[in-house]
Amino acid sequence: QVHLAESGGGLVQAGASLRLSCAASGSTLMLYTMGWFRQAPGQEREFVGAVRWSADSTYYADSVKGRFTISRDNAKNTVYLQMNILKPEDTALYYCAAGPVYSGRYETAGLYSYWGQGTQVTVSS
């Protein structure tokens with residue numbers, strides 16, 4: 001069993017930065033890819049980025065590439081999503097997820113086995 005808890009969301013102005021954290025627990029974390037997704041009201045859940053827990057490879061959606069960075073601290077079992085140059089269209093509920101997801105499938109939400117409760121990010125114009 002894996003438990004995920006996001007934090008760090010908030011209300012910011014366009015152009016600002018935020019760092020989200022996802023604290024993870026579970027005995028098999030090294031097997032899992034960690035992903036970030038977001039969902040705005042009335043829209044489908046959207047892939048943001050992912051990182052393999054046992055490697056440094058990361059993968060991002062085109063909409064955030066160059067602005068968002070995923071990193072991890074294995075000692076703390078925590079994954080971070082650094083968000084820079086935020087835009088109003090980044091407003092959403094942000095979720096972290098964990099699962100046995102492999103290269104080429106990171107964007108598929110259904111492949112992630114565990115999900116956090118989400119943290120709200122609101123960007124005002």
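Residues numbered from 1 in each chain as written. Predicted model: local features only at pLDDT ≥ 70, side-chain atom pairs only at ≥ 80, totals over all residues. Heavy atoms only, no water.

### Some thoughts on the packing of aromatic side chains
For the structure on display, the rule yields 8 aromatic pairs. Centroid distance F37 to Y112: 5.2 Å. Interplanar angle 80°. Geometry classified as edge-to-face. Here F37 is found in strand 4 (residues 33-39), whereas its partner Y112 is found in the loop between strand 9 (92-99) and strand 10 (114-115), with 75 residues between them in sequence. Judged by relative accessible area, which is 4%, Y112 ranks as buried. Through a chain of ring-to-ring contacts, the aromatic side chains of F37, F47, Y59, Y95, Y106, Y112 and W115 assemble into a single cluster. Taking NZ or CZ as reference, R19 lies 4.2 Å from the ring centre of Y80, over its face. The lysine or arginine in question, R45, covers the ring of Y95, its NZ or CZ lying 4.0 Å from the ring centre. (Phe/Tyr/Trp six-rings, centres within 6.5 Å; stacked < 30°, edge-to-face > 60°. Helix = DSSP H or I, 4+ residues; strand = E, 2+ residues; numbered from the N terminus. Buried < 20%, exposed > 50% of the residue type's maximum accessible area, 1.4 Å probe, protein only. Lys NZ or Arg CZ within 6 Å of the ring centre and 35° of its normal.)

### A short note on the side chain of R52
For R52, the location among the structural elements is in strand 5 (residues 46-52). Side-chain polar atoms of R52 contact the side chain of T33, separated by 3.0 Å. What R52 contacts, discounting residues up to four positions off in sequence, is Y32, T33, S57, R72, V101, Y102 and Y106. (Polar contact = N/O pair within 3.5 Å; in protein donor to acceptor, adjacent residues only side chain to side chain. Contact = heavy atoms within 4.5 Å.)

### A few points about the environment of A23
Relative to the elements of secondary structure, A23 occurs in strand 3 (residues 18-25). A C-alpha to C-alpha distance of 6.1 Å links A23 and N77, two positions 54 residues apart in sequence. Setting aside residues no more than four positions away along its own chain, A23 makes contact with H3, L4, A5, N77 and T78.

### A closer look at the pairing of strand 9
Of all 8 residues in strand 9, 7 are buried, a share of seventy percent or more. Taken together, the 3 bridges between strand 9 and strand 11 (residues 119-124) define a ladder with antiparallel strand orientation. In the sheet register, L93 faces strand 11, and the bridge partner there is Q120. Note: strand 9 against strand 10, 2 bridges, orientation antiparallel. By the bridge assignment for strand 10, A97 is matched with W115. (Pairing = 2+ DSSP bridges.)

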